[in-house]
Amino acid sequence: MRRVLCVFPTYTPAFATFEHAYALMGDVRAFMPPQGLLVIAAYLPPRWQVRFVDENIAPAKPADFAWADIVLVSGMHVQAPQINVIHARAKAAGKVTVLGGSSVSGAPDMYPAFDYLHIGELGDATDALIARLDGSLDAPPEQVRFETKERLPLADFPLPAYEKAPLKRYLLSSIQFSSGCPYRCEFCDIPALYGRQPRLKSPQQIIRELDAIIAQPNSPTVVYFVDDNFIGNRKAAREMLPHLVEWQKRHGYPIQFACEATLNIAKQGDILELMRQAAFITIFVGIETPELEALKVIVKEHNAAVPMLEGICTLNSYGLEVTSGIIFGLDTETAESEKRLIEFVEASQVPILTMNLLQALPKTPLWDRLAKAGRLVDNPNLESNVRFLRPHDEVLASWRRTIAYCYAPERVFGRYRHQIEATYANRIKTPARAKLTWRNIRRGLILTFNLTVRIGILADYRRVFWAAVRHALTRGRIEDIFGMTFVAHHLILFTRDALRGKERASFYTPKPQEAPSMDLVEQKRVA
């Protein structure tokens, strides 16, 4: 028997993590549960005891480390400082440390201190690691790496350990249908980490996972498909969606869905109609740039498979609100690029744009190209590890001007007012009965009170808030008021923090001071 403490580190705040909105919603403390860590927790031997801690909700306590035999951590590159703090605390408690996940799989040399590294996905390396820990809890004299050569088919994945996560503390739930993406976007590490041939779960697995999610008390009402590209395998998506539609009808539509996909999904009308019938409401699309020449350079020509604005309008017509990724600092960027981007925002009326400076990730074609050209930099005081072709300060200034313009309160709410007619009106009407739970009613009352007081009375942008509310009420979109206003609140406050220098211009780069010492963690806990 082993006792395993699974710890997920804190995120760096970003446009799309919505942390400024949590205070409006009562018991919400974090964005979304970590799907990978919950799968690992479920895969460990049944005789082992497993405890899960998400430090986005609350830090792991000294009692958690004292209880554990093994501390298992997973995370992304941006969480590296926090990953190392968790390791330091675990070693101070005399525990064996294990690190897995996307960051260590892409750059294992970033983590020389951990006892064991798990590189790659669930598979033969996982079995070997479990056998090693089952045999001995002695820390190895030097680091041991287990690298997956033979992946476990997704069809054999266990049901994620949703019961170990406090789902009521999350804004969204998470679920995975596929892994991998067929495209080779220059800046993306997905093909290298997870392959170009998407691997799939069965529709029956997805249904079992949805049943497990809604069985948890007070689970979120939106479930996010964390697939790298929801239509990486169009045939599979087309065959799975009717099962979602049937499940929703059987349960009275208790939840809504969100996902991410390439913009060429706009050409798949049959898939989009099935998504509408299944109550998909949001889709993240990596637009990156409206400049076609830049798309060619970053190997993302598939974004031009349909005219960009036409594709977004098509998605809106199926009730899908588009969230867009935007990259600053591409090699083709000029002084005119900022103007073209703002024109695109005005024309598309996309409400949420996650604007980041270009970052080179290990195991990407971009990393290889820039390394060969001597254009990778390692300076924590800079906002990116890329030596741009334009001066760094010019790129950063362009980012600042753009977010200041796009996230001015009147423009944020203006884009949401557009969504009411262009998008929300195109969604199917679902029964209210399944959503009339005490938890949803309570959350609605709390959200109504906080929106009224914190924004409608106290905020300096209360006039544009009330104008948007009136606009939604006159069109009967009462439920949409909550979603658009709490997101708008986050976007406005996050932008103000970023313009004051409190947040980074890239989600992938933590601020230098975000690497707290173990003593500071303990001081915060005591305080």
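Remember, predicted model here, so these are calculated numbers, not experimental data.

Thresholds, definitions, all that
Position numbers for residues count from 1 along each chain, tracking the sequence in the order it is written. Reporting of local features is limited, given that this is a predicted model, to residues whose pLDDT is at least 70; pairs of side-chain atoms are given and counted only at 80 or more, and all residues count toward the totals for whole chains, interfaces and linings. Side-chain measures here rest on the full set of heavy atoms in the structure, leaving out hydrogens and waters. Each helix is a run of H or I in the DSSP string that is no shorter than four residues. Each strand is a run of E no shorter than two, and both are numbered from the N terminus. In this scheme, a helix's expected span is set at 1.5 Å multiplied by one less than its residue total. For the exposure calls, accessible area comes from a 1.4 Å probe over protein chains only, and a residue counts as buried if that area is under 20% of its type's maximum, exposed if over 50%, partly exposed in between. This arc describes the spread of directions from the helix axis toward the C-beta atoms. Any Phe, Tyr or Trp ring, taking Trp's six-membered ring, that has another such ring centre within 6.5 Å forms a pair; planes under 30 degrees apart are called stacked, those over 60 apart edge-to-face, and the others tilted. As a reminder, the over-ring test applies to NZ of lysine and CZ of arginine, requiring each to be within 6 Å of the ring centre and within 35 degrees of the ring normal. By the convention used here, strands pair only if DSSP detects at least 2 bridges between them. With the strands pointing away from the viewer, any crossover whose connection runs clockwise from the first strand over the helix to the second is right-handed. The contact criterion used is simple: two residues touch if any of their non-hydrogen atoms lie within 4.5 Å. Salt bridges are identified by distance alone: a Lys or Arg side-chain nitrogen within 4 Å of an Asp or Glu carboxyl oxygen. Values of pLDDT, which run from 0 to 100, indicate the predictor's confidence residue by residue. Orientation is described by axes fitted as lines to C-alpha atoms, over the contacting stretch for helices, and by angles from 0 to 180 degrees between their N-to-C directions. Small angles under 35 degrees read as roughly parallel and large ones over 145 as roughly antiparallel, with 65 to 115 read as roughly perpendicular and the rest as oblique.

Draft legend 1. Layout of helix 6 (residues 124–135). With 12 residues, helix 6 extends 17 Å between its outermost C-alpha atoms, agreeing within 8% with the 16 Å of an ideal straight helix rising 1.5 Å per residue. Among the residues making up helix 6, those that are buried are A125, T126, L129, I130 and L133. For helix 6, the angular spread of the buried residues around the axis is 135 degrees, confining them to a single face.

Draft legend 2. Summary view of the packing of aromatic side chains. What the rule picks out here adds up to 15 aromatic pairs. Summarising the aromatic geometry, the rings of Y116 and F146 are spaced 6.0 Å apart at their centres and angled 40 degrees between planes, so their arrangement reads as tilted. On the criterion of sequence distance, the pair formed by Y116 in strand 5 (residues 116–119) and F146 in strand 6 (residues 144–147) is long-range, its members being 30 residues apart. On the basis of relative accessible area, F146 is assigned to the buried category, the value being 12%. An aromatic cluster is present here, built from F225, F230, F257 and F280 joined pairwise through their rings. Cation over ring: R51 sits above W67, and NZ or CZ is 4.2 Å from the ring centre. In this arrangement the basic side chain of R411 is found over the ring face of Y405, its NZ or CZ atom lying 3.6 Å from the centre.

Draft legend 3. Layout of the pairing of strand 11 (residues 256–260). Most of strand 11 sits inside the fold, with four of its five residues counted as buried. Examined bridge by bridge, strand 10 (residues 222–225) and strand 11 share three bridges and lie parallel to one another. Residue pairing for strand 11: Y224 is matched across the bridge by A258. Of the crossover connections in this fold, the one passing from strand 10 over helix 9 (residues 234–251) to the parallel strand 11 is right-handed. Following the backbone out of strand 11, through helix 10 (residues 269–277) and into the adjacent parallel strand 12 (residues 280–288), one traces a crossover that is right-handed.

Draft legend 4. Structural view of the environment of L320. The topology assignment puts L320 in the loop between helix 12 (308–317) and strand 13 (321–328). Owing to a relative accessible area of 0%, L320 belongs among the buried residues under this scheme. Put simply, L320 and T282 are 38 residues apart on the chain and 5.0 Å apart in space, counted from C-alpha to C-alpha. Excluding residues that lie within four positions of it along the chain, L320 makes contacts with L272, M275, F280, I281, T282, I283, L315 and T423.

Draft legend 5. The arrangement of helix 16 (residues 409–422) in detail. With 14 residues, helix 16 extends 20 Å between its outermost C-alpha atoms, agreeing within 8% with the 20 Å of an ideal straight helix rising 1.5 Å per residue. All of the buried residues in helix 16 are P409, V412, F413, R415, Y416, Q419 and I420. For helix 16, the buried positions fall inside an angular range of 155 degrees around the axis, keeping them on one side.

Draft legend 6. How the structure looks around the pattern of salt bridges. In the structure shown here, the tally under the stated rule is 31 salt bridges. Where K235 meets E239, a salt bridge forms, and the shortest distance between an N and an O atom there is 2.7 Å. You can see K235 and its partner E239 sitting in helix 9, four residues apart, about one turn around the helix. Residue classification places K235 among the exposed residues on the basis of a relative accessible area of 53%. E239 sits in the partly exposed class, given a relative accessible area of 45%. Across the pair R390 and E394 runs a salt bridge, and its minimum N-O distance is 3.4 Å. According to the relative accessible area criterion, R390 is buried, its value standing at 16%. Through salt bridges that share partners, E186, D331, R369 and R375 make up one connected network.

Draft legend 7. Representation of the side chain of Q248. Relative to the helices and strands, Q248 resides in helix 9. With residues near it in sequence (within four places) discarded, Q248 still touches Y253, P254, I255, F257, A278 and A279.

Draft legend 8. Local environment of the confidence of the model for the chain. Taken over all residues, the pLDDT of the chain has a mean of 94, while the share at 70 or more is 97%. Low pLDDT, under 50, characterises residues 514–527; the stretch is placed with 15 contacts to residues that sit more than four places away or in other chains.

Draft legend 9. How the structure looks around the sheet that holds strand 11. Pairing in this open sheet of six strands is parallel, and the strands run 7-10-11-12-13-14 from one edge to the other. In this open sheet, the two edge strands, each paired with only one partner strand, are strand 7 (173–175) and strand 14 (352–357). Taking each pair of neighbouring strands and ignoring which way they run, the sheet shows an average axis angle of 20 degrees.

Draft legend 10. Fine view of the packing of helix 16 against helix 18 (residues 462–474). Put simply, helix 16 and helix 18 touch, their axes get as near as 9 Å, and they point 5 degrees apart. In terms of axis orientation, helix 16 runs roughly parallel to helix 18. Seen from helix 16, the contacting residues are P409, E410, F413, R417, I420 and E421; seen from helix 18, they are V464, F465, A467, A468, H471 and A472.

Draft legend 11. Quick look at the sheet that holds strand 3 (residues 70–74). Pairing within the open sheet is parallel, and its six strands lie in the order 2-1-3-4-5-6. Because the sheet does not close on itself, it has two edges, and the strands there are strand 2 (49–54) and strand 6. Each strand axis lies, on average, 20 degrees off the axis of its neighbour in the sheet, ignoring direction. Bridging between strand 5 and strand 6 involves four bridges; their strand directions are parallel. Looking across to strand 6, one finds that Y116 is bridged to V144. Sitting on the sheet, helix 2 (residues 35–43) is in contact with strand 1 (3–8), strand 2 and strand 3, with an inclination near 175 degrees to strand 1. In the packing of helix 4 (residues 80–92) onto the sheet, the strands contacted are strand 1, strand 3 and strand 4 (96–100), and the crossing angle to strand 4 comes to about 160 degrees.

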